[in-house]
Amino acid sequence: MENQKIKWGIVGLGNIANQFATDLLLLQDAELAAVASRDINKANEFAQKYNCIKAYDSYDALFADDQVDIVYIATPHDSHAELSIKALEKGKHVLCEKPIALSYKDAIRMIETSRKNNKFFMEAFWTRFIPSVQDTLGKIQAGEIGDIKYINADFAFYVNELEGNRMTDKNRGGGALFDIGVYPLFLTYIILGIPQEIIAKSTYHTSGVDLQTSMILQYESAQAVLHAGFVSESDMKATISGTKGRIELNSPWFMADGYSLFKNNQEAVFKLPNLGKGYAHEAVECHNCIRNNTIESKQWSHQNSLDLSKIVDEIKNQIGLEF
Ligand SMILES: NC(=O)c1ccc[n+]([C@@H]2O[C@H](COP(=O)([O-])OP(=O)(O)OC[C@H]3O[C@@H](n4cnc5c(N)ncnc54)[C@H](OP(=O)(O)O)[C@@H]3O)[C@@H](O)[C@H]2O)c1
């Protein structure tokens, strides 16, 4: 494995699968070995576009392919748990799209399966690995902006067509919280950890999923004010404020190409472009973990995914979201 390419398989050939495959082409030690769709024509077309030699018409066939090292699960949320577990049980490493699952209980089952089969598993929280976030965390750890007291982050955009859309489909685990609310929660969690208290309020689509959700996370001596929604435009900014200064990640913050550090009435600008669309960084982390024979990333660990899933579960209960 040390000098060999890591062979990827992708299941569910939609929007994010295309973006991820584009970035995978940038990595010299990655090979897209197989792709699977429920529709063989789509699979063939995708395979051709990304120089992949194998196209399957079923996800199970890809899981059974012994030439595939790691499977990227790029399907809607409701199938993340079932498909990750299947792939892990077939002896594959797994990178599963966010959110890890629709419930904390399912997240536990996924991670137990990774441990039982001794196979790498990571929730695809790509933002954790982009240079701007890596650098920001380094600055915070070094005490550059003092003690963090306040985080303000949102992820919202106007969705033109709410009907017939995965994002509002209750059967697919839709809603703003699960689709994009996890991002500002993730940012707050990696900086401040698990909150003592959460207050969340939503407005709803007729399907029963949340169209917008606002959240306050209360810590012993800090607070976060977060928002996610499909019904309005937003500047998609994230500000992390400390006792000695603040960091503003460039918009859209979850794929920031840099940030500004404000301190002593001065602004320092940091330019940190992403590799490709930004997904290559998480793939590199998967490669490093697989080559080091470790089943989880230290930077976005199993426990990190479980903690975030528990936070999301609490908000889900508060806003009355049931899948
Ligand atoms: N990391 C990111 O930046 C990012 C961005 C967008 C989405 N995501 C996540 O990625 C996942 C997929 O999102 P997407 O935007 O790529 O969705 P999408 O465009 O709808 O693609 C999802 C694919 O999943 C497959 N699928 C399997 N069962 C399905 C079902 N019952 N209904 C619909 N599709 C089904 C389909 O592929 P086949 O027809 O080929 O089988 C479909 O093309 C979600 O969990 C989402 O949260 C992440």
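Let me sum up the structure you'll find in this document.

1. Looking at the overall build of the protein chain
Scanning the protein chain from N- to C-terminus turns up nine helices and 14 strands. Compactness check: the protein chain gives a C-alpha radius of gyration of 19 Å against a globular reference of 20 Å for 323 residues, within 12% of the reference. With respect to the principal axes defined by its C-alpha atoms, the protein chain has extents near 55 × 45 × 35 Å. A total of 323 residues make up the protein chain; the buried ones form 56% of that total. Long-range pairs, those at least 24 residues apart, make up 67% of the contacts in the protein chain with a sequence separation of at least 6. A total of about 14,200 Å² of accessible surface is found on the protein chain, and carbon and sulfur atoms cover 45% of it. Here the protein chain contributes 32 positively and 41 negatively charged side chains, and the mean placements of these two sets differ by 3 Å.

2. A few points about the packing of helix α7 (residues 176-192) against helix α9 (residues 302-319)
At a minimum axis separation of 10 Å, α7 and α9 run at an interaxial angle of 125 degrees. The pairing of α7 with α9 is recorded here as oblique in orientation. Between α7 and α9 lies a crossing of right-handed hand. Between α7 and α9, the contacting residues are L177, F178, V182, L185, F186 and Y189 on the first element and Q303, N304, D307, L308, I311, V312, I315, K316 and I319 on the second. Partitioning the contact of α7 with α9 into residue classes produces 11 nonpolar, two polar and two charged.

3. So, the packing of helix α5 (residues 104-117) against α9
Following both chains from N to C, one finds α5 and α9 inclined at 165 degrees, their axes separated by 9 Å at the closest point. On the basis of their axis angle, the class for α5 and α9 is roughly antiparallel. At the point where α5 passes α9, the crossing takes the right-handed sense. On α9, the residues that touch Y104, A107, I108, I111, S114 and R115 of α5 are H302, S305, L306, S309, K310 and D313. Of the residues belonging to the contact of α5 with α9, the class tally is five nonpolar, four polar and three charged.

4. As for the site of the ligand
Taken together, 22 residues surround the ligand, and among them I16, S37, K42, Y59 and Y279 come closest. One of the backbone nitrogen or oxygen atoms of I16 is found 2.9 Å away from an oxygen atom of the ligand. Alone, the ligand offers 880 Å² of accessible surface; in the complex the protein occludes 82% of this. Of the pockets mapped on this structure, the ligand occupies the largest pocket.

5. Remarks on empty space enclosed by the protein
In total, this model carries one cavity of 30 Å³ or more according to the counting rule given. Estimated volume of the largest cavity: approximately 60 Å³. Around the largest cavity sit 14 residues that line it, and P99, I100, A101, S309 and V312 are the ones nearest its centre. If you list the elements that add at least two residues to the lining of the largest cavity, you get α7 and α9. For the lining of the largest cavity, the element with the most residues is α9, which contributes five residues. For the lining of the largest cavity, the residue count by class is nine nonpolar, three polar and two charged.

6. With respect to the environment of K116
Turning to its location among the elements, K116 is positioned in helix α5. On the accessibility criterion, K116 (62% relative accessible area) is exposed. Put simply, K116 and L88 are 28 residues apart on the chain and 9.1 Å apart in space, counted from C-alpha to C-alpha. Side-chain polar atoms of K116 contact the side chain of E89, separated by 3.3 Å.

7. Focus on the layout of surface pockets
Here the largest pocket defines a volume of roughly 880 Å³. If you trace the largest pocket, you find 37 residues lining it, with N15, I16, A74, T75 and R166 closest to the centre. Of all the elements in the fold, those that place two or more residues in the lining of the largest pocket are α1 (15-24), α3 (59-63), α4 (80-89) and α7. If one sorts the elements of the lining of the largest pocket by residue count, α4 sits on top with four residues.

8. Things to note about the nonpolar core
In globular proteins that are soluble, nonpolar side chains generally tend to be buried together. If you look at the biggest cluster of nonpolar residues, it comprises 88 residues, and the most contacted ones within it are W8, I10, L32 and L185. Take this core: its biggest share by element is 11 residues, from α7. Setting aside residues no more than four positions away along its own chain, L185 makes contact with L177, M215, L217, L226, L308, I311, V312 and I315. Ranked by size, the runner-up nonpolar core spans 23 residues in total, among them L83, I85, I100 and I111.

9. A short note on the pairing of strand β13 (residues 258-263)
For a regular strand, side chains alternate in direction, first toward one face of the sheet and then toward the other. Across the six residues of β13, five count as buried, placing the element largely inside the fold. Strand direction decides the pairing type here: strand β12 (residues 246-249) and β13, joined by four bridges, are antiparallel. In the strand pairing of β13, R246 is matched with F262. Two elements, β13 and strand β14 (residues 266-271), share six bridges in a ladder whose sense is antiparallel. Across the sheet, Y259 pairs through a bridge with F270, a residue of β14. Remark: two residues form the turn of the hairpin made by β13 and β14, two consecutive strands paired antiparallel; N264 in that turn has positive phi of roughly 50 degrees.

Basis of the calculations
Residues numbered from 1 in each chain as written. Predicted model: local features only at pLDDT ≥ 70, side-chain atom pairs only at ≥ 80, totals over all residues. Heavy atoms only, no water. Helix = DSSP H or I, 4+ residues; strand = E, 2+ residues; numbered from the N terminus. Rg over C-alpha atoms; globule rule 2.2 N^0.38 Å. Buried < 20%, exposed > 50% of the residue type's maximum accessible area, 1.4 Å probe, protein only. Contact = heavy atoms within 4.5 Å. Areas by Shrake-Rupley, 256 points an atom, 1.4 Å probe, with all protein chains shown as cover. Lys, Arg positive; Asp, Glu negative; His and termini not counted. Charge placed at Lys NZ, Arg CZ, Asp CG, Glu CD. Axes fitted to C-alpha atoms, helices over the stretch in contact; angles between N-to-C directions. Parallel < 35°, antiparallel > 145°, perpendicular 65-115°, else oblique. Left-handed = near helix turned anticlockwise from the far one by under 90°. Nonpolar A, V, L, I, M, F, W, Y, C, P; charged D, E, K, R; others polar. Near = heavy atom within 4 Å. Polar contact = N/O pair within 3.5 Å; in protein donor to acceptor, adjacent residues only side chain to side chain. 1 Å grid on protein atoms, 1.4 Å probe; cavity = no way out; pocket = protein on both sides within 12 Å on 5 of 7 lines; lining within 4 Å. Sits in = over half its atoms within 2 Å of the grid points. Points joined across faces, edges and corners; volume = space filled by probe spheres on them. Core = buried A, V, L, I, M, F, W, Y, C linked by side-chain atoms within 4.5 Å. Pairing = 2+ DSSP bridges.

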